[in-house]
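A look at the structure
Listed below, chain by chain, are the residues.
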Amino acid sequence: HEYNTTGITDSKFGLTRTTWDEAVATALAAPNLNVDGLHFHLGSQILEIDPYRKAIEVMLSYAAEIKQQHGFEIKILSIGGGFGVRYTMDEDPPPIAAWAEIISDEITRRCHDLKLSLPRLIIEPGRAIVARAGTALYRVGVIKDIPGIRRYVCVDGGMGDNIRYPMYGARQEALVANRAAANATGRVTVAGKYCESGDILIKEVELADVKTGDILAVAGSGAYCIPMQSNYNASRRPPIVFVRDGKARLVRRRETLEDLTRCDTA
Ligand SMILES: Cc1ncc(COP(=O)(O)O)c(C=O)c1O
C-alpha cells in the first residue's frame, strides 16, 4: 500500500538518491559524527524477498563507490524491517529461514564481487515478531443486513484500537470465538463503533453464523494496533491481557473516564 511503502523516491522518509553524495561527504567530514555504515527501510508487510535483493545490490554498489571516493569502508549494513506476515488465508509470506538465507547470500556474494569486507548485518523486524502474537477480542453488537448488498457486523471496538483498514486497506481474518469450531456460513463486513463510515475492521470476511452478544476474535492484531490506538469519540482504550500456558495476566487495565480527563486543567 502507498502508505506503508517508504523506499521510493516520492516519500517523506529517507534521503533521495541525488543527496546521498553530499550526505556521506558531510557526515564523514563532521568531527562530531562517527559514520558506521548504511541503512535502508523499504516499507512494511513486504511479501517478497526480491525488493531486498535489489536494495542490497544498490546499497553495496554505493558502499563500493564510497570506498573508492573516500577510502571509507562500511562496517554496518541495516536492511530495516518490513518482513511480511500471514494475515489472511490467501497470503503466503516466505518463511523466516528463506529471508535469512537469501539476504545473507546476496550480501556475501555482492561484497565478494565488489571486494568489500562483510559488514555487520542489522535487521529491524517489528511486525514479523509481534503481529501474530496478538488477538483482539470484540463483543458483537448490531447486525445490519442490506439484502443483496452487505451484512454489517458491528463490534464494540474499531478504528480506535485498530486503524489498519482505514489507513492501509489492511486485511485480517476473524473467528466467532465462542463457537470456534463452527464452519463459516457467509461473508460479512466487520464494522466498528466509531462515528465514521470508514470505521471498518475487516471488509468482507468468511464467518460462522454470528449473533449479537458473540465474541469475535480478530487474528494478527499484535502489531500496529496498540501503538496506533486513540481515544477518538472520547472512547476508552481496551485492556491488554497476556496469555501463556492457559494462564491469563492483565498487563494494562481498561481505561476509565477519569483517565480521559486526567490532563484537563480547568
Ligand atoms: C526504520 C524502520 N525500521 C523498522 C521498522 C519496522 O517495520 P516492520 O514492522 O514492517 O518490520 C520501521 C517501521 O516503521 C521503521 O520505520
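Below is a summary of the structure that appears in this document. Here the structure is a predicted model, which is why all the values come from computation and not from measurement.

Analysis parameters
- Residues numbered from 1 in each chain as written.
- Predicted model: local features only at pLDDT ≥ 70, side-chain atom pairs only at ≥ 80, totals over all residues.
- Heavy atoms only, no water.
- Buried < 20%, exposed > 50% of the residue type's maximum accessible area, 1.4 Å probe, protein only.
- Helix = DSSP H or I, 4+ residues; strand = E, 2+ residues; numbered from the N terminus.
- Arc of directions from axis to C-beta.
- Contact = heavy atoms within 4.5 Å.
- Pairing = 2+ DSSP bridges.

Section: helix α1 (residues 20-29)
All of the buried residues along α1 are Trp20, Val24 and Ala27. One face of α1 carries all of its buried residues, which in axial projection span an arc of 70°. For α1, the exposed residues lying more than 90 degrees away from the buried face are Glu22 and Ala29. In the core, the buried residues of α1 are packed alongside α2 (50-70).

Focus: the pairing of strand β9 (residues 215-218)
When strand β4 (residues 136-146) meets β9, the two strands line up antiparallel, connected through four bridges. Counterpart to tyrosine 138 in the pairing with β9 is leucine 216. Pairing of strand β6 (residues 174-176) with β9, which is carried by three bridges, proceeds in the antiparallel orientation. By the bridge assignment for β9, leucine 175 is matched with alanine 217.

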